[in-house]
Amino acid sequence: MALTFREAQEEVDAWISSFREGYFPPLLMLARLAEELGELARVLAHRHGKTPKPGEAEGDLAEELGDLLFVLISLANREGVDLEAAFRRVMAKYRARDRSRWTPKDGG
């Protein structure tokens, strides 16, 4: 069963809200996003040409994307952003702005 953005936001909120500390402040979350993005970059670099250091694992792409998504959802929750609505708005923007930018596949 697919998970909606709203359900993901509710699940993250329930988990974070179960601790007294609650959400990190926004700038700390931004730092965490940067950290997780760096870990994602390392995995992709290892997959696409960079040789890992001796003893360094390639990394798990799915896990790093999941970590990045968790922090992004946390930031959206902290700031009161409905990711479902934000995603719909941005897709409408891309469809309108970029509809002639790319070459459609045959039959599409």
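Procedures and definitions
Residues numbered from 1 in each chain as written. Predicted model: local features only at pLDDT ≥ 70, side-chain atom pairs only at ≥ 80, totals over all residues. Heavy atoms only, no water. Helix = DSSP H or I, 4+ residues; strand = E, 2+ residues; numbered from the N terminus. Expected span 1.5 Å × (residues − 1). Polar contact = N/O pair within 3.5 Å; in protein donor to acceptor, adjacent residues only side chain to side chain. Buried < 20%, exposed > 50% of the residue type's maximum accessible area, 1.4 Å probe, protein only. Contact = heavy atoms within 4.5 Å. Axes fitted to C-alpha atoms, helices over the stretch in contact; angles between N-to-C directions. Parallel < 35°, antiparallel > 145°, perpendicular 65-115°, else oblique. Nonpolar A, V, L, I, M, F, W, Y, C, P; charged D, E, K, R; others polar.

Colleague: Help me understand helix α4 (residues 83-97) in this model?
Modeller: Residue pairs three or four apart in sequence face the same way in an α-helix, which turns once every 3.6 residues. Compared with an ideal rise of 1.5 Å per residue, which puts 15 residues at 21 Å, α4 spans 21 Å between its outermost C-alpha atoms and is within 8% of the ideal. Structurally, the start of α4 carries an N-cap: the backbone nitrogen of E84 is 2.9 Å from a side-chain oxygen of D82.

Colleague: Looking at this structure, how should I read the side chain of S74?
Modeller: Along the chain, S74 turns up in helix α3 (residues 61-79). Its relative accessible area of 4% is what places S74 among the buried residues. If we ignore the near neighbours within four places in the chain, the residues touching S74 are V12, I16, Y23 and M29.

Colleague: What is the right way to read the packing of helix α1 (residues 5-17) against α3 from this model?
Modeller: Relative placement of two packed helices is described by the angle separating their axes and the distance separating the axes. Interaxial distance between α1 and α3 falls to 9 Å at its minimum, and their mutual angle equals 85°. Overall, the two elements α1 and α3 adopt an arrangement that is roughly perpendicular. For the pair formed by α1 and α3, the contact residues are A8, Q9, V12, D13, W15 and I16 on the first element and F70, I73, S74, A76 and N77 on the second. When the residues that make up the contact of α1 with α3 are grouped by side-chain class, the tally is seven nonpolar, three polar and one charged.

Colleague: Would you take a moment to explain the packing of α1 against α4 for this structure?
Modeller: At a closest axis distance of 8 Å, the pairing of α1 and α4 adopts a crossing angle of 145°. Within the contact between the two elements, α1 uses F5, R6 and Q9 and α4 uses L83, E84 and F87. The class makeup of the residues in the contact of α1 with α4 is three nonpolar, one polar and two charged.

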